[in-house]
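Coordinate analysis (summary)
Listed below are the residues making up each chain.
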Amino acid sequence: MLDQLDQISGAYCTPAHLKGLIKAALLVPAPAGNRGTVDNQAAIYKAAMGTTQTAATDLMHVVSSALPTAWRGAAAETAAQALRAVSFQGTNIFTGFQDGHNALTTWAGKLGEAQKRDGDGRKQLNEANDLVKSLPPANPRFGPLRPQGLMQALGQAKSGCRDMLTAANLAHGAADDAIKALKQSALAARARQITAPGVDPLSAVSLAYTGDGAGTNADPGILSPSAMARASQQLATMSPADRAAFEKLVADAQSPEEAAYLWKALAAGYNTSQIAAFDQVIHPFGNDLPWLTKHLNPQVHSGNTTPGSDNRKVLSYDGVDWMPDKPGANVGYNFYSQGNYNDCVAASTVVAKLSADPVQMLGVTTGQGPAAVAGAPVGDDGLGAVRNRLQKLYLDNYEVGQTADGVAHPNTTNGIGVKGQEALDGSLLSPAAGSSYQTQSLDDPAARQAALPGIQAAASAGKPVPVDVYGTEVVVDRSIPHHRPEIYSQTAAHQMVIVGAHDDKLEVYNPWGYTQWVTTQQFVDGQMGALTSADGSPDGGMPTPYEVQVPQ
């Protein structure tokens, strides 16, 4: 409607034409919703925050206090573990209610603002309509010239339409933001993902909130929402004998952490006999959380959600995040880096798998278990051994991807194409995600905006989302002796993996060995260059995402 008003500003405009446009504009519905209703719901969330905070505080007091002397030995440890889990649950529920309250309060404020702006716009349109009605009949002597009153009414109608358009966009955007925030806050209720029959509520809570970060937004703990749901599905379809065998392994676990890793192995697609073989290796260390974390968790997630290259997290093993290229060399790579190979697709997808698959991670760190990786002596968990196995796993999958592409391997000058990428998604990511992956083009900002909700939902649930980016790089070629270097530009492409989402930010793992957050707006605008540029600039390096692989 505003476009039509703009188009007639330089052409002949009759009062009848303008009145028709004003009438049509007033027929557009006002922003729907009742601010008071939304405020009341926010108040309910606030009251729930108070109740939850009181309970969580009481639980924390119990956790930090000594148990009665009647509780001794294993019973005391079991009770303490259960109390810690319920306490973490209370803290997470409080955060969920708090986020929901904030989302609803913001929505109510923007809805009220939008409805006021819309009302102001309608008032201007009605005044413009009244002004047009008050104009004297057209005088043929003036031909196409407009009376001043008609010009004033036209300007007022435009202003009113602009206010209504601003109001509609504000209300729509506020509603979308509230929906996203409420969906995110619902993830705080983690134990609801464990739906397998026979799992009692306390066990579900203990599994859901066990982990390095106790299930915080930045660190999803040992079991992601996707892993909990996937393991529940697997458990529900097991034969009675297999289920009994798995439940015995869990019951005999020395700690909630060991039990959670058994569930994570189940979620990753391993059968009962494979999980038993996995547990045979880790059970002696079941009560040693540092050992379990070191050998089973690459700790991809960063606690610092601030975007920018200054806040990236370099992945490490045993406290070491950099390794020389050769012993004693000053040149080297980040520990988890793809190194000097064009295997970014393989390296990024492998690390995404390791984050979801403790059995494969054990194979990398020790060379043991059902997914043992060669490349170093079995049982050697030293830095060199782990780095060698990691690189072998990258290169093995690089070969798998190139074979799927129909490329003679090893071809270190080529990366991996679409067919190879799909093959690795299917073999490495689908088993833990419980779903197939589909390639989605991101040709422009509109396509990236449309893809964003699916990406955020998958990453929030713990399903990694590979993303391909490209950019223009300057190449200095000094390969010809005794000649000036040749300088030219070329397009470079790279694959990374989106491993997390929180609010308006995405957590991205770069196979150069680090994790970093970007804003969703940077993703939409093609400004992700801080992940790959030397100076950390958003538009440097390879800033533009052009393709994602999304779990279905």
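Conventions and cut-offs
- Residues numbered from 1 in each chain as written.
- Predicted model: local features only at pLDDT ≥ 70, side-chain atom pairs only at ≥ 80, totals over all residues.
- Heavy atoms only, no water.
- Helix = DSSP H or I, 4+ residues; strand = E, 2+ residues; numbered from the N terminus.
- Buried < 20%, exposed > 50% of the residue type's maximum accessible area, 1.4 Å probe, protein only.
- Areas by Shrake-Rupley, 256 points an atom, 1.4 Å probe, with all protein chains shown as cover.
- Phe/Tyr/Trp six-rings, centres within 6.5 Å; stacked < 30°, edge-to-face > 60°.
- Lys NZ or Arg CZ within 6 Å of the ring centre and 35° of its normal.
- Core = buried A, V, L, I, M, F, W, Y, C linked by side-chain atoms within 4.5 Å.
- Contact = heavy atoms within 4.5 Å.
- Axes fitted to C-alpha atoms, helices over the stretch in contact; angles between N-to-C directions.
- Parallel < 35°, antiparallel > 145°, perpendicular 65-115°, else oblique.
- Nonpolar A, V, L, I, M, F, W, Y, C, P; charged D, E, K, R; others polar.
- Left-handed = near helix turned anticlockwise from the far one by under 90°.
- Salt bridge = Lys/Arg side-chain N within 4 Å of Asp/Glu carboxyl O.

What follows covers the overall build of the chain. Helix and strand counts for the chain stand at 17 helices and 9 strands. Put simply, the chain has 552 residues, and 46% of those count as buried. In the form shown here, the chain has an accessible surface area of approximately 25,900 Å², with 54% of it arising from carbon and sulfur atoms.

On to the packing of aromatic side chains, then. All told, the structure shown has 6 aromatic pairs when counted by the stated rule. Here tyrosine 470 and tyrosine 546 contribute two aromatic rings whose centre-to-centre distance is 5.8 Å and whose plane-to-plane angle is 65°, an arrangement assigned as edge-to-face. Here tyrosine 470 is found in strand S5 (residues 465-477), whereas its partner tyrosine 546 is found in strand S9 (residues 544-551), with 76 residues between them in sequence. The lysine or arginine in question, arginine 312, covers the ring of tyrosine 514, its NZ or CZ lying 3.9 Å from the ring centre.

A general trend in soluble globular proteins is that nonpolar side chains are found buried together. Core analysis: the biggest nonpolar cluster contains 39 residues, and Leu223, Phe246, Trp263, Ile275 and Phe278 have the highest contact counts within it. Counting residues per element, the ones that place at least two in this core are helix H6 (201-208), helix H7 (225-236), helix H8 (240-251), helix H9 (256-267), helix H10 (272-282), helix H11 (289-296) and helix H13 (358-366). Top element by residues in this core is H9. It accounts for 8 residues. For isoleucine 275, the contacting residues outside a window of four places in its chain are Phe246, Leu249, Leu262, Ala265, Leu266 and Tyr270. Within the second largest apolar cluster, 31 residues are counted, among which are Met323, Cys344, Leu428 and Tyr437.

Where H10 contacts H11, the axes come no closer than 12 Å and their chain directions differ by 130°. Taken together, H10 and H11 sit at an angle that is classed as oblique. Packed against H10, whose contacting residues are Phe278, Val281 and Ile282, the element H11 presents Trp291, Leu292 and Leu296 at the interface. Across the contact of H10 with H11, the residue classes tally to 6 nonpolar, no polar and no charged.

What follows is about the packing of H8 against H10. The N-to-C vectors of H8 and H10 enclose an angle of 20°; their axes lie 10 Å apart at closest approach. Here H8 lies roughly parallel to H10, going by the angle between them. H10 is crossed by H8, and the crossing has left-handed handedness. Taking contact as the criterion, the partners of Asp242, Ala245, Phe246 and Leu249 in H8 are, on H10, Thr272, Ile275, Ala276 and Asp279.

A separate point is the pattern of salt bridges. Using the criterion set out here, one finds 10 salt bridges in the structure. Of the charged contacts in the structure, one is a salt bridge between lysine 248 and aspartate 252, with a shortest N-O distance of 2.7 Å. By relative accessible area, which is 53% here, lysine 248 ends up exposed. Ionic pairing is found between aspartate 357 and lysine 353, a salt bridge with its closest N-O pair at 2.8 Å. With relative accessibility at 1%, the residue aspartate 357 sits in the buried group. Taken together, the shared-partner salt bridges connect Lys294, Asp318 and Asp381 into one network.

These values are about where atoms sit, not about what they do.
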